[in-house]
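Each chain, written out:
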Amino acid sequence: MRTLLMSLSILSMSLLNAQDITDALRYSQQEILGTARFRGMSGAFGALGADLSAIQINPAGSALFLTSHGSVTISTGQIENNANYFGTLTNTDTRNVNLNQIGTVLVYDNFDSESSGINRFSFGIAYDQTADNANDFFVSGRSSNSIDSFFLEEAQGIPLNLISRRQGESVSELYGFLGENEGYGAQQAFLGYETFILEASDPDNTNGTSYISNIAPGNFDQRYFYETRGLNGKFTLNAAAQINQDFYLGVNLNSHFINYDRITDFFEDNNNDGSTVNNVVFSNELSTIGAGFSLQAGAIAKISRTIRVGASYESPTWYYIEEETIQRLETTGNEGRAIANPNIINIFPEYQLRTPSKLTGSVAFVFGQYGLISMDYSYKDYTTMKFSSDEGIDFSATNQEIDRIFQEASTFRIGTEWKIENWSIRGGYSLQESPYTDDRIQGEQTGFSLGTGYNFGKFRFDVAYDYLEQELNEEFFPGSGFDNAAAIDRERENLTFTLSINF
């Protein structure tokens, strides 16, 4: 029976999940990258509207357009990671160019508004990028913890005869069999055993479930390469209305997508007395695709000629996510060079993720045609993130960890815009609290923005610069027995360009 299953294992279906809390957070911290006007004011648009990215904050904002409108936005960005790993400092830059946004709003005036009270209708369709997944960093340093702890934790409790190759059985066959029948953890145990990182405490007991490491304690020179690619975004259908001149209501139907790829390479060297394995190279590739759905509703009211207030609600996004992984492990030691390269794609069962909902309150002060000041406050409860599955996977332990690790978090944004003839000058500031109860894992994110634009009449061209910084600890293998992490000071800079038209 085992031989038959091995022949089908080139696309290995794992019975157990490999998801962790960092996956939940990654897809719950989506941000609207948006138009240059939006970014030039740090996204503080909840009570303003009349911008295609502003309707992603408050759907009522499309009804503040006086005419039909369209815009397209591109940006160029840079991420700088300054990493500290056990006292060794490294610096890595990543640059990228993206289509941030494209969309249109059609505006219809209601000339029979006296009977209905509805003065204007608007209907919009838009695409907005919600995350740029391009990121790279490299760390190097000397640690007293070895990667052996990753494989030891996975191996303990697994019978030796399950992860031992039979006569004539290949690495690919057993790795595939374990993926189809035992899961991700058993595959990791097999990789560690196959490359001599681990050995059984009692090699003569094929039913034994206890393992020891062939890597002796001491110091370990380690390097870690991390590269991610892809982007996330959403498509929005919007409808809004102006009611009795001073009140605006709107709704959004959102279709989300995830496209995330990650490649990591971990290297470890040691010359410790008693080690029979001196070099380890562990490579992992992850490919993630997902699709989701969410709803938004919002309102804006003109309290006076100067003051506007806004409120909006964004539902959780309900994602369906699929993941694939490829692994390779190589060691060098007393046994020479050992390579476990299964050449098998692990296809994990589709799972669901529910992200937190978001509440936003806004106020703006509009000084006629001269300028404005706008403020937004948003609230998310990250403990409400939840994994689930239609495939019988038990996520209860992961969901309990989410309740323990995460907390409620707020975001504050303030922006201003001033007009001088056909020119506009903009600026903004943002502060986003850490979603972790321990903000050493991920600190608060702060940033500022500057922007300008010129109105040609029918056309307008805008440009913005924004800067964000955040301190965080990047674990190499989250949720595993090997908890080494690098302290990273991350800085993001973006230049954004938008061409818009009224028609």
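Residues numbered from 1 in each chain as written. Predicted model: local features only at pLDDT ≥ 70, side-chain atom pairs only at ≥ 80, totals over all residues. Heavy atoms only, no water.

The name recorded for the chain in an unreviewed UniProt entry is Transporter, from Aquimarina algicola.

S.K.: How should I be thinking about the pairing of strand β17 (residues 371-381) in this particular structure?
M.R.: Residues in a regular strand point their side chains to alternate faces of the sheet. Here 10 bridges tie strand β16 (residues 358-367) to β17, and the two strands are oriented antiparallel to one another. If you follow Phe365 over to β17, its bridge partner there is Ile373. Where β16 folds back on β17, the antiparallel hairpin that results is connected by 3 residues, among which Gly368 adopts a positive phi of roughly 60°. Alignment of β17 against strand β19 (residues 408-420), held across 11 bridges, turns out to be antiparallel. When the bridges of β19 are listed, Tyr379 appears paired with Ser410. (Pairing = 2+ DSSP bridges. Helix = DSSP H or I, 4+ residues; strand = E, 2+ residues; numbered from the N terminus.)

S.K.: For this particular structure, what's the right way to read the nonpolar core?
M.R.: Nonpolar side chains in soluble globular proteins generally cluster together in the buried interior. Core analysis: the largest hydrophobic core is formed by 66 residues, its most contacted members being Phe151, Phe406 and Phe476. Once residues within four sequence positions are removed from consideration, Phe406 is found in contact with Ile21, Leu25, Tyr382, Thr383, Met385, Pro435, Tyr436 and Thr437. Met41, Phe45, Ala47 and Ala364 belong to the second largest nonpolar core, which has 11 residues in total. (Core = buried A, V, L, I, M, F, W, Y, C linked by side-chain atoms within 4.5 Å. Buried < 20%, exposed > 50% of the residue type's maximum accessible area, 1.4 Å probe, protein only. Contact = heavy atoms within 4.5 Å.)

S.K.: Looking at this structure, I do not really get the side chain of Asn238. What am I missing?
M.R.: One can find Asn238 in strand β8 (residues 220-243). For Asn238, the side chain forms a polar contact with the main-chain oxygen of Pro59, separated by 3.0 Å. Ignoring anything within four residues of it in the chain, the contact list for Asn238 reads Ile55, Pro59, Ser62, Ser122, Phe123, Gly124, Val251 and Asn252. (Polar contact = N/O pair within 3.5 Å; in protein donor to acceptor, adjacent residues only side chain to side chain.)

S.K.: Even after reading the chapter, I still don't get the confidence of the model for the chain, so can you show me in this structure?
M.R.: Residues shown with low pLDDT carry predicted positions that ought not to be read at fine detail. For the chain, per-residue confidence averages 93 on the pLDDT scale, and 96% of positions sit at 70 or higher. When mean pLDDT is compared element by element in the chain, strand β11 (residues 307-314) scores highest at 98, while helix α1 (residues 2-6) scores lowest at 37. Overall, residues 1-16 carries pLDDT values under 50, and its contacts beyond four positions in sequence, including any with other chains, amount to 54 contacts. (pLDDT = per-residue confidence, 0-100.)

S.K.: Would you mind going over the layout of surface pockets with me for this structure?
M.R.: To find leftover empty space, one rolls a probe the size of a water molecule over the atoms. Empty space within the second largest pocket amounts to approximately 1100 Å³. Lining the second largest pocket are 40 residues, with Arg37, Ala50, Leu66, Gln369 and Lys419 positioned closest to its centre. The set of elements that each furnish at least two residues to the lining of the second largest pocket consists of β17, β19, β20 (423-432), β21 (445-455), β22 (459-475) and β23 (485-502). Across the lining of the second largest pocket, the residue classes tally to 13 nonpolar, 16 polar and 11 charged. (1 Å grid on protein atoms, 1.4 Å probe; cavity = no way out; pocket = protein on both sides within 12 Å on 5 of 7 lines; lining within 4 Å. Points joined across faces, edges and corners; volume = space filled by probe spheres on them. Nonpolar A, V, L, I, M, F, W, Y, C, P; charged D, E, K, R; others polar.)

S.K.: Could you clarify how one ought to interpret the pattern of salt bridges in this entry?
M.R.: Any two side chains of opposite charge can pair if their charged atoms end up close together. Overall, the coordinates contain 19 salt bridges when judged by the stated rule. Three or more residues are tied together by salt bridges with common partners; here these are Arg37, Glu417, Arg426, Arg460 and Asp462. (Salt bridge = Lys/Arg side-chain N within 4 Å of Asp/Glu carboxyl O.)

S.K.: Is there a simple way to explain a nonpolar patch on the surface in this structure?
M.R.: On the surface, a cluster of nonpolar side chains totalling about 710 Å² of accessible area is made up of Val72, Ile74, Leu99, Ile102, Phe456, Phe459, Phe461 and Leu499. Elements supplying a minimum of two residues to the nonpolar patch: β2 (69-85), β3 (88-109) and β22. Of note, Val72 is situated in strand β2. Judged by its relative accessible area of 33%, Val72 falls in the partly exposed class. (Patch = residues over 30% accessible without salt bridge, like charges linked within 9 Å, V, L, I, M, F, W, Y side chains within 5 Å. Areas by Shrake-Rupley, 256 points an atom, 1.4 Å probe, with all protein chains shown as cover.)

S.K.: Where do I start with the packing of helix α6 (residues 171-181) against helix α7 (residues 184-194) in this structure?
M.R.: When two helices pack together, their arrangement is captured by the angle between the axes and the distance separating the axes. Closest axis-to-axis distance for the α6/α7 pair is 8 Å, and the angle between their directions is 155°. The angle between the axes of α6 and α7 places the two elements in the roughly antiparallel class. Two secondary-structure elements touch here, α6 through Val171, Leu174, Tyr175, Leu178 and Gly179 and α7 through Ala186, Gln187, Phe190, Leu191 and Glu194. (Axes fitted to C-alpha atoms, helices over the stretch in contact; angles between N-to-C directions. Parallel < 35°, antiparallel > 145°, perpendicular 65-115°, else oblique.)

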